[in-house]
Amino acid sequence: MKIAIAQVPSANGDLGRAAERIKAYCSRAAEGGAGLCVFPANVIAPAVPVAMPDREGLLVDMAQLCSGLAGELACPAIVPVSLPGSDDPVLEAVQVGTDGVVPLRLLGALSQTPADDPGDEACGLSLPQVEVGDLTLGIAFTYEELEEYVDYDYHVDAVLFLSTYGFATDDAASALGASILESRFRADADAMGAWIVGVGPVGRSDLEVFCGASFAVAPWGELACQAPSFEEALVFADVRKGEEGPLKEAVTPQVFDPSIMAWEAVAEGTRGIIASLGKTSARLVVDGGMPSMLACAVATDALGPVNVRPTVLLWGDGRDVLSRALVRNLRLEACELAASGLFGDGDEELARDVAWARVCAEARRDGSVVVGSSDKTSLALGSAPARDLGCVLPFGDLYRSDVLALARLRNTVSPVIPAAARSSWPLEDVASLAGRGSADRRLEQVDFVISSFVEWELPLSDIASDCENEELARAVVALVRSSLSSLPGRLLAPTLSSKTLDEARGPFGFSWKDRVRAKGERIDRDAMAAEIVQALGDSGEKDSQASSPQEALDLLDMLGGSDELGEAPSSGGRHDHGGHSGPQGFFWGGPFSEN
């Protein structure tokens with residue numbers, strides 16, 4: 001069966017627009033000979049839950065939208081929607097065709113053999129295996145669901161991976177087909193002996209950025225089709241039951257360049273956030289430093305030069321030459337403001353504050369947004385100026401070492417940023433604890449500690465061991481704890497990592513602080529499991545299931561509700577693609593499961 005992948009941006013709740021888009025793409029799919037057209041997970045609304053008062057009405061309207069499409073589509077379609085759940089809405093993939101609307105995941109669950117019938121090999125399988133045309137399809141929205149198709153005996157010809165993950169710089173798989181040589185999908189297809197059809201959204205939805213790059217990969221690893229990155233597209237894959245390859249017209253996988261993907265994601269996310277604010281233009285202060293210059297460059301790439309209006313803050317020194325060169329290279333129309341007229345005591349930060357206030361006043365008059373230059377490193381360390389916290393922050397979810405790499409990339413494409421500006425990037429005082437290496441090396445060390453604490457959720461003892469610098473680990477983690485708990489509101493920054501600072505913040509005013517612990521204070525998981533086995537044996541529990549340390553850990557998993565003893569469940573990150581398995585608390589999420 002020929003499957004069409006409609007790589008389209010989210011309608012973000014504009015249901016009329018979503019319906020027209022679905023009809024139009026199904027018509028194009030039918031013209032291309034497709035027997036099925038598959039849409040991305042957020043084609044109608046963002047994958048994140050809406051506010052509780054709005055959920056009932058949105059769910060009813062989405063159901064009516066799908067019902068209204070039945071019989072009007074030129075080609076059967078699979079459209080992801082939300083269904084009401086006990087807590088958050090549950091993602092469902094509905095098949096819309098001439099016979100009406102069929103919820104495929106629900107249908108698959110209902111068709112599974114009941115658990116009290118051990119004679120059927122499908123017993124206990126929780127994900128759908130549904131017949132669509134001449135194919136048996138599985139449907140996965142998350143990495144965990146895809147792993148279940150890989151690990152268990154599902155008999156499917158293809159799995160539709162309707163990705164809910166925005167692009168993240170620390171998750172190659174989030175780039176879908178663009179990173180097919182570096183990520184998991186070819187190995188997963190080989191392990192299943194089934195096709196994987198990856199359907200990627202494109203554009204911005206909520207604060208996440210989706211890169212598209214939809215694909216179809218055959219069980220033997222050949223790429224049947226790949227959609228472009230950051231572009232709306234319709235591509236086709238001819239998925240044949242029992243075919244063993246090779247494909248007649250295989251697609252050559254592209255080489256994955258994470259820096260190019262990240263720059264495009266920053267520009268796409270910045271453009272999308274500004275559009276969602278109902279604006280088309282931006283203002284900002286260019287002060288001669290690298291952060292403001294790079295923010296100006298990405299705003300120009302996102303909005304075009306006629307829509308970016310910088311104010312150059314003049315200091316009467318060499319920085320003025322750099323700022324003017326940037327504005328000239330980007331072909332921007334700028335106004336200039338002399339810092340000497342803004343302060344009298346040599347306070348440069350006061351001059352920046354006053355200049356920013358004037359830019360905000362201009363933005364209010366002409367309906368522009370104000371763009372700031374703070375990055376994830378400065379926000380995590382508490383060194384970001386307060387004036388930036390209410391701005392659109394293109395790099396608010398990127399560490400400074402990654403932003404510097406993007407600066408080098410941008411100048412490779414077109415040398416708009418003066419080379420002399422590179423030395424003007426600030427480095428916080430805490431970086432002095434990273435040793436006597438270069439500024440870049442010390443910055444990398446600081447960012448390593450922050451990301452270990454935020455993204456990888458490591459305890460301080462592990463971070464100190466990994467970076468081999470206890471003093472740096474203690475100082476940086478202390479700053480991050482303090483800064484995150486006092487961050488105001490929600491940052492207007494494109495989400496470009498697997499866990500944002502908003503998601504990592506702790507309770508305000510929490511006074512307990514961790515310390516680096518000796519080995520004797522750490523939890524030894526293997527030793528704990530061995531003691532459990534020994535204790536059960538000594539108690540005469542002859543029928544105990546825990547006859548080995550691993551089985552003991554499995555039993556504790558059942559009590560604790562965790563994926564792995566000592567591994568905490570995700571605390572808000574969207575990309576649960578892996579993590580650290582080091583020692584953690586005894587039970588996560590309470591001492592007992594809900595059972």
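Within any chain, residue numbers begin from 1 and follow the written order of that chain's sequence. Thresholds applied to this predicted model are a pLDDT of at least 70 for local features of residues and 80 or more for the giving and counting of side-chain atom pairs; totals over whole chains, interfaces and linings are not thresholded and use all residues. Side-chain descriptors were evaluated using all non-hydrogen atoms of the structure, hydrogens and water having been removed beforehand.

Trainee: Hey, could you run me through helix H13 (residues 460-467) in this one?
Mentor: What sets the pattern is the α-helix's 3.6 residues per turn: residues three or four places apart point alike. Only protein chains enter the accessibility calculation, which uses a 1.4 Å probe. A residue is then buried if its area is under 20% of the maximum for its type, exposed if over 50%, and partly exposed in between. Each helix is a run of H or I in the DSSP string that is no shorter than four residues. Each strand is a run of E no shorter than two, and both are numbered from the N terminus. The buried fraction of H13 amounts to six of the eight residues, a majority that puts the element mostly inside the structure. Here H13 has its buried residues at Leu460, Ser461, Asp462, Ile463, Ala464 and Cys467. Whether two residues are in contact is decided by their heavy atoms: any pair within 4.5 Å suffices. Turning to H13, the residues buried within the fold contact helix H12 (439-454) and helix H14 (470-485). Two residues or fewer past H13, Glu468 is found with a positive phi of approximately 55 degrees.

Trainee: Sorry, what's going on with the packing of helix H6 (residues 258-276) against helix H11 (residues 400-413) here?
Mentor: Packed helices, taken two at a time, are described by their axes: the angle between them and the distance between them. A fitted line through C-alpha atoms serves as each axis, taken over the contacting stretch for helices, and the angle formed by two N-to-C directions is quoted from 0 to 180°. Between H6 and H11, whose axes approach to 10 Å, the crossing angle comes to 95 degrees. The angle between H6 and H11 falls in the class roughly perpendicular. Here H6 contributes Ser259, Ile260, Ala262, Trp263 and Val266 to the contact with H11, which in turn contributes Leu406, Leu409 and Arg410. Classifying every residue of the contact of H6 with H11 gives six nonpolar, one polar and one charged. Any angle that is under 35 degrees is reported as roughly parallel, and any over 145 degrees as roughly antiparallel; angles of 65 to 115 degrees are reported as roughly perpendicular and all others as oblique. Three classes are used, and their members are as follows: Ala, Val, Leu, Ile, Met, Phe, Trp, Tyr, Cys and Pro are nonpolar, Asp, Glu, Lys and Arg are charged, and the others, Gly among them, are polar.

Trainee: It is not clear to me how the sheet that holds strand E3 (residues 77-83) should be interpreted in this structure. Could you clarify?
Mentor: Pairing between the strands of a sheet is mediated by backbone hydrogen bonds and can be parallel or antiparallel. Paired strands are those between which DSSP finds at least two bridges. Read from one edge to the other, the open sheet built from six strands follows the order E5-E4-E3-E2-E1-E14, with strand pairing classed as mixed. Each edge of the open sheet carries a strand with a single partner, namely strand E5 (100-103) and strand E14 (233-238). The average angle at which neighbouring strand axes cross in this sheet is 30 degrees, direction not considered. As paired strands, strand E4 (residues 90-97) and E5 are joined by four bridges and run antiparallel to one another. Each bridged residue has a counterpart across the sheet, and for Val94 the counterpart in E5 is Pro103.

Trainee: Even after reading the chapter, I still don't get the packing of aromatic side chains, so can you show me in this structure?
Mentor: In this analysis, rings of Phe, Tyr and Trp, with Trp reduced to its six-membered ring, are considered paired at centre separations within 6.5 Å, and the interplanar angle assigns stacked below 30 degrees, edge-to-face beyond 60, and tilted for intermediate values. Here the structure, examined in full by the defined rule, presents seven aromatic pairs. With a centroid separation of 6.4 Å and 45 degrees between ring planes, the pair formed by Phe510 and Trp512 is classed as tilted. Joined through ring pairs, the aromatic side chains of Tyr143, Phe161, Tyr165, Phe185 and Phe215 make up one cluster. Two limits define a charge over a ring: the Lys NZ or Arg CZ must be within 6 Å of the ring centre, and within 35 degrees of the ring normal. The positively charged end of Lys2 is found above the aromatic ring belonging to Phe236, 5.6 Å away from the centroid.

Trainee: Help me understand the sheet that holds strand E16 (residues 308-314) in this model?
Mentor: In spatial order, the strands read E17-E16-E15-E18; together these four strands make up an open sheet with parallel pairing. Every other strand in the sheet has two partners, leaving strand E17 (335-338) and strand E18 (369-370) as the edge strands with one partner each. Sheet topology note: the strand E15 (residues 282-286)/E16 ladder contains five bridges and is parallel. Its bridge partner being in E16, Val286 is matched across the sheet by Val312. Contacts from helix H7 (residues 290-303) reach E15 and E16, with the element oriented near 160 degrees to E15. Of the strands in this sheet, E15, E16, E17 and E18 are in contact with helix H9 (residues 348-366), which crosses E15 at around 165 degrees.

Trainee: What is the right way to read unusual backbone geometry from this model?
Mentor: The residue Asn12 is not glycine, and still its phi comes out positive at about 50 degrees. Following the sequence through the fold, Asn12 ends up in the loop between strand E1 (2-7) and helix H1 (15-31). Residue Asn12 is classed as partly exposed on the basis of its relative accessible area, which comes to 33%. A positive phi angle is found at Phe230, which is not glycine, with a value near 60 degrees.

Trainee: Mind showing me how you'd approach the environment of Gly341 here?
Mentor: Here Gly341 shows up in the loop between E17 and H9. With relative accessibility at 65%, the residue Gly341 sits in the exposed group.

Trainee: How should I be thinking about the pairing of strand E10 (residues 202-205) in this particular structure?
Mentor: For a regular strand, side-chain orientation follows a simple rule: the groups alternate between the two sheet faces. Bridge count for E10 against strand E11 (residues 208-211) is four bridges, and the pairing is antiparallel. Of the residues in E11, the one forming a bridge with Val202 is Cys211. A loop of two residues connects E10 with E11, the two strands running antiparallel in sequence, and Asp206 in this loop sits at a positive phi of about 55 degrees.

Trainee: Please clarify how the side chain of Ser214 should be interpreted in this entry.
Mentor: Position of Ser214 relative to the elements: it lies in the loop between E11 and strand E12 (215-217). A relative accessible area of 0% places Ser214 in the buried class. Polar contacts, as counted here, are pairs of nitrogen or oxygen atoms within 3.5 Å of one another; within protein the pair requires one atom able to donate a hydrogen and one able to accept it, and residues that are adjacent in sequence qualify only if both atoms are side-chain atoms. At a separation of 2.8 Å, a polar atom in the side chain of Ser214 contacts the main-chain amide nitrogen of Gly200. The residues contacting Ser214, other than those within four sequence positions of it, are Ile5, Gln7, Gly198, Val199, Gly200, Cys225, Gln226 and Ala227.

Note that all results are geometric; they support no functional claim without further evidence.
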